2 protein chains.
Amino acid sequence: MTPMEKERYTARARILKALAHPTRLWIAERLADGECCVCEFVDAVDADFSTISKHLAVLREAGIITGEKRGKQVYYRLRVPCVLNFMDCVEAVLVTDARCRNALIA
Amino acid sequence: MTPMEKERYTARARILKALAHPTRLWIAERLADGECCVCEFVDAVDADFSTISKHLAVLREAGIITGEKRGKQVYYRLRVPCVLNFMDCVEAVLVTDARCRNALIA
DNA sequence: ATAATATTTGGCAATATAACCAAATGATGA
DNA sequence: TCATCATTTGGTTATATTGCCAAATATTAT
């Protein structure tokens, strides 16, 4: 791994890491259907609103989402709409895993 | 987020988390070109061999790779070959981010 | 101006990760 | 059998993440 590669993979890993949390992943997928108000997440997720705000900050700082204040509320949306793309693959890993556990193969 | 969703997103996040480390991501992409011996990673990555072995364990336990011992060596390969798929999107996030930083837009 | 609402920020404690060294395991070759 | 090589596992320390509470900020409504 050359220094250049290291830099590149560090940047990429940072993005995956931002998505690698159940709540954040759920939020990202929700946003794939269109923008949402923070308040919707607060209602839907069973966690303190400050916790949700911090999750949003993680996604924001990773460049995955962007927010806009409208009145009292803040609306977030995906900055790059392809986030869903890799869920198919993630799902494939899960399915393969389940199949293999059942079949007792590697 | 229903309890069922929570379970689902926790499983998905686990997989992303496994990939969300520069060394592990590099290894995964390397394996997308075909199987590799652990020794190749040990040579290529500047980290203790035990560290590399632990990274491989993380990927293995996440169901992303699978290893096979052949003689003294262990060869790993991707269990689901689509890992590369989402790199395009990750890259798109990085590019968008760079563009916006330059242009001073959100 | 004050109060109420929506969100972010600061701070803290609990837990999880990452990296290293040393030691254990497994396979081959002398 | 004994030494050697490749890899994994155990243990430890440093660092990072998570989630809650309390407090700060910003916007609207009274």
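Going by the structure above, here's the rest.
A. Seen up close, the sheet that holds strand β1 (residues 36-37) of chain A. All names here are of chain A. Spatially, the three strands line up as an open sheet ordered β1-β3-β2, and their pairing is antiparallel. The open sheet terminates on both sides in strands that have one partner only, identified here as β1 and β2 (65-70). Judged from the two bridges that link them, β1 and strand β3 (residues 73-78) form a sheet pairing that is antiparallel. Residue pairing across strands places Cys 37 opposite Tyr 75, the latter belonging to β3.

B. Representation of the sheet that holds strand β1 (residues 36-37) of chain B within the structure. Residue and element names in this part refer to chain B. With respect to topology, three strands assemble into an open sheet ordered β1-β3-β2, the strand pairing being antiparallel. On the outer flanks of this sheet lie β1 and β2 (65-70), each paired with one strand and no other. Strand contacts of helix α2 (residues 22-32): β1, β2 and β3 (73-78), with the helix running at about 85° to β3, the strand carrying the most contacts.

C. Representation of the state of the cysteines in the model. All names here are of chain A. For the structure shown, the criterion picks out two disulfides over all chains. One disulfide in the model links Cys 37 with Cys 39; its S-S distance is 2.3 Å. The disulfide joining Cys 37 to Cys 39 has a torsion of about 135° about its S-S bond and is therefore right-handed. Cys 36 carries a free sulfur, and the closest cysteine sulfur to it, the one in Cys 37, is 8.2 Å from it.

D. Region of interest: the protein's contact with DNA strand D. Around DNA strand D, the surrounding shell holds 23 residues, and the nearest of these are Ser 50 and His 55 of chain A together with Ser 53, Lys 54 and Tyr 76 of chain B. The protein-proximal atoms of DNA strand D, defined as those within 4 Å of the protein, are 62% sugar or phosphate. The contact in question runs from a phosphate oxygen of DNA strand D to an N or O atom on the side chain of His 21 of chain A, over 3.4 Å. In the model, a phosphate oxygen of DNA strand D is placed 3.1 Å from a nitrogen or oxygen of the Cys 39 of chain B main chain. Elements represented by at least two residues in the surface near DNA strand D include exactly α4 (49-61) of chain A together with α3 (38-44), α4 (49-61) and β3 of chain B. Classifying every residue of the surface near DNA strand D gives seven nonpolar, eight polar and eight charged.

E. Looking closely at the packing of helix α1 (residues 3-19) of chain A against α2 of chain B. Orientation of α1 of chain A relative to α2 of chain B, taken along the N-to-C sense of each, is 105°, at an axis distance of 8 Å. If you check the angle between α1 of chain A and α2 of chain B, you find them roughly perpendicular. Touching Glu 5, Tyr 9, Thr 10, Arg 12, Ala 13 and Leu 16 of chain A of α1 of chain A are Pro 22, Leu 25, Trp 26 and Glu 29 of chain B, all from α2 of chain B. In terms of residue class, the contact of α1 of chain A with α2 of chain B is made up of six nonpolar, one polar and three charged.

Rules and cut-offs
All residue numbers refer to position in the chain's written sequence, counted from 1. Chains and ligands are labelled by the order in which they are written, letters from A for the one and numbers from 1 for the other. Thresholds applied to this predicted model are a pLDDT of at least 70 for local features of residues and 80 or more for the giving and counting of side-chain atom pairs; totals over whole chains, interfaces and linings are not thresholded and use all residues. Only heavy atoms go into the side-chain values, all of them from the structure, while hydrogens and water stay out. Strand pairing is assigned whenever DSSP detects at least two bridges linking the two strands. Helix and strand definitions follow DSSP, with helices as H or I runs of at least four residues and strands as E runs of at least two, each counted in order from the N terminus. Contacts were defined at the residue level, with two residues in contact if any of their heavy atoms lie within 4.5 Å. Every angle, taken between N-to-C directions, lies between 0 and 180 degrees, and every axis is a line fitted to C-alpha atoms, over only the stretch in contact when it is a helix. We call a pair of cysteine sulfur atoms a disulfide whenever their separation is within 2.5 Å. The criterion for a residue being near a molecule or strand is simple. One of its heavy atoms has to lie within 4 Å of it. Any pair of N or O atoms that falls within 3.5 Å is considered a polar contact. Within protein, one atom must be able to donate a hydrogen and the other to accept it, and sequence-neighbouring residues count only if both atoms are side-chain atoms. Amino acid classes used here: Ala, Val, Leu, Ile, Met, Phe, Trp, Tyr, Cys and Pro are nonpolar; Asp, Glu, Lys and Arg are charged; the rest, including Gly, are polar. When an angle is under 35 degrees it counts as roughly parallel; over 145 it counts as roughly antiparallel; between 65 and 115 it counts as roughly perpendicular; any other value is oblique.

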